[in-house]
Amino acid sequence: MKRTYFLIVILANMVFSVMAQETKKVNGCAMVSTYAEMAFASFKKAYKAESLDDAKSFLKDAVSKAKETAAYSILPDCNCANAKNYALNAVTFGNKALKTSDLESLKKWSKKAMDMSLDVLTAIPNCQ
């Protein structure tokens, strides 16, 4: 009886230890996820904008959020190279969209940046 109880206690400790490590991974990348979601939302607003000026306003905010995403992704708590690369791609596409002079080109680059922001979110569970 004591042996069974002892084994159950050891197994329970192992399970809780693994759960704590998984929680740390998710929590360590929480800011990456938050900024990626905000960047995605702003890129989407730019994509759906009806004027070039409105779209560029949204893009400036989105690029700023994507830069924050990249910065948080390399901190020790998250350490996610894939998320950083996707975020930097979103920044690149967002900057290309900002340099365009017509709404159609802006929407094309905004869509690519939006997709990169989503890719950040899919990369986070595989980090650390």
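Before reading on, note that the structure itself is shown above.
Below: a short report on this structure. All of these numbers come straight from a predicted model, not from anything done at the bench.

The next point concerns the packing of aromatic side chains. For the structure shown, the criterion picks out two aromatic pairs. With 5.5 Å between their ring centres and 15° between their planes, Tyr 35 and Tyr 72 make a pair best called stacked. Note that Tyr 35 is positioned in helix H2 (residues 30-48) and Tyr 72 in helix H3 (residues 52-73), a separation of 37 residues in sequence. The class of Tyr 35 is buried, set by a relative accessible area of 18%. Exposure remark for Tyr 72: the relative accessible area of 26% places this residue in the partly exposed category. Directly above the aromatic system of Phe 93 lies the positively charged group of Lys 112, at a separation of 5.9 Å from the ring centroid.

Examined against the element boundaries, Val 91 turns out to sit in helix H4 (residues 81-99). Exposure remark for Val 91: the relative accessible area of 9% places this residue in the buried category. As a C-alpha pair, Val 91 and Ala 70 span 21 residues in sequence and 9.0 Å in three-dimensional space.

Here H2 contains 19 residues, and its C-alpha end-to-end distance of 27 Å stays within 8% of the 27 Å for a straight helix at 1.5 Å per residue. All buried positions along H2 are accounted for by Val 32, Ser 33, Tyr 35, Ala 36, Ala 39, Ser 42, Phe 43 and Ala 46. Buried-residue contacts for H2 involve H3, H4 and helix H5 (103-123).

Our next topic: the pattern of salt bridges. The final tally for this structure, using the stated rule, is two salt bridges. We note a salt bridge from Lys 65 to Asp 61, for which the minimum N-O separation is 2.7 Å. In this pair, Lys 65 and Asp 61 are both assigned in helix H3, four residues apart and thus about one turn of the helix distant. A relative accessible area of 17% means that Lys 65 is categorised as buried. Residues Asp 115 and Lys 111 are paired through a salt bridge, measuring 3.0 Å at the closest nitrogen-oxygen approach.

Reading the values: the criteria
Here, residues in each chain are numbered from 1, in the same order as that chain's written sequence. Local features in this predicted model are restricted to residues of pLDDT 70 or higher, and side-chain atom pairs are both shown and tallied only at a pLDDT of 80 or more, whereas totals for entire chains, interfaces and linings draw on every residue. Side-chain measures were taken over the full set of non-hydrogen atoms in the model, leaving aside hydrogen atoms and water. Working definition: a ring pair exists when centres of Phe, Tyr or Trp rings (six-membered ring for Trp) sit within 6.5 Å. Plane angles under 30 degrees give stacked, over 60 give edge-to-face, the rest tilted. Only DSSP runs of H or I with at least four residues qualify as helices, and only runs of E with at least two residues qualify as strands; both kinds are numbered from the N terminus onward. Three exposure classes are used, based on accessible area relative to the maximum for each residue type with a 1.4 Å probe and protein chains only: buried under 20%, partly exposed in between, and exposed over 50%. The rule for a charge over a ring is simple: NZ of Lys or CZ of Arg within 6 Å of the ring centre, and within 35 degrees of the ring normal. Expected span, for any helix, means 1.5 Å times one less than how many residues it has. In what follows, a contact means two residues having at least one pair of non-hydrogen atoms within 4.5 Å. A side-chain nitrogen of Lys or Arg and a carboxyl oxygen of Asp or Glu constitute a salt bridge if their distance falls within 4 Å.

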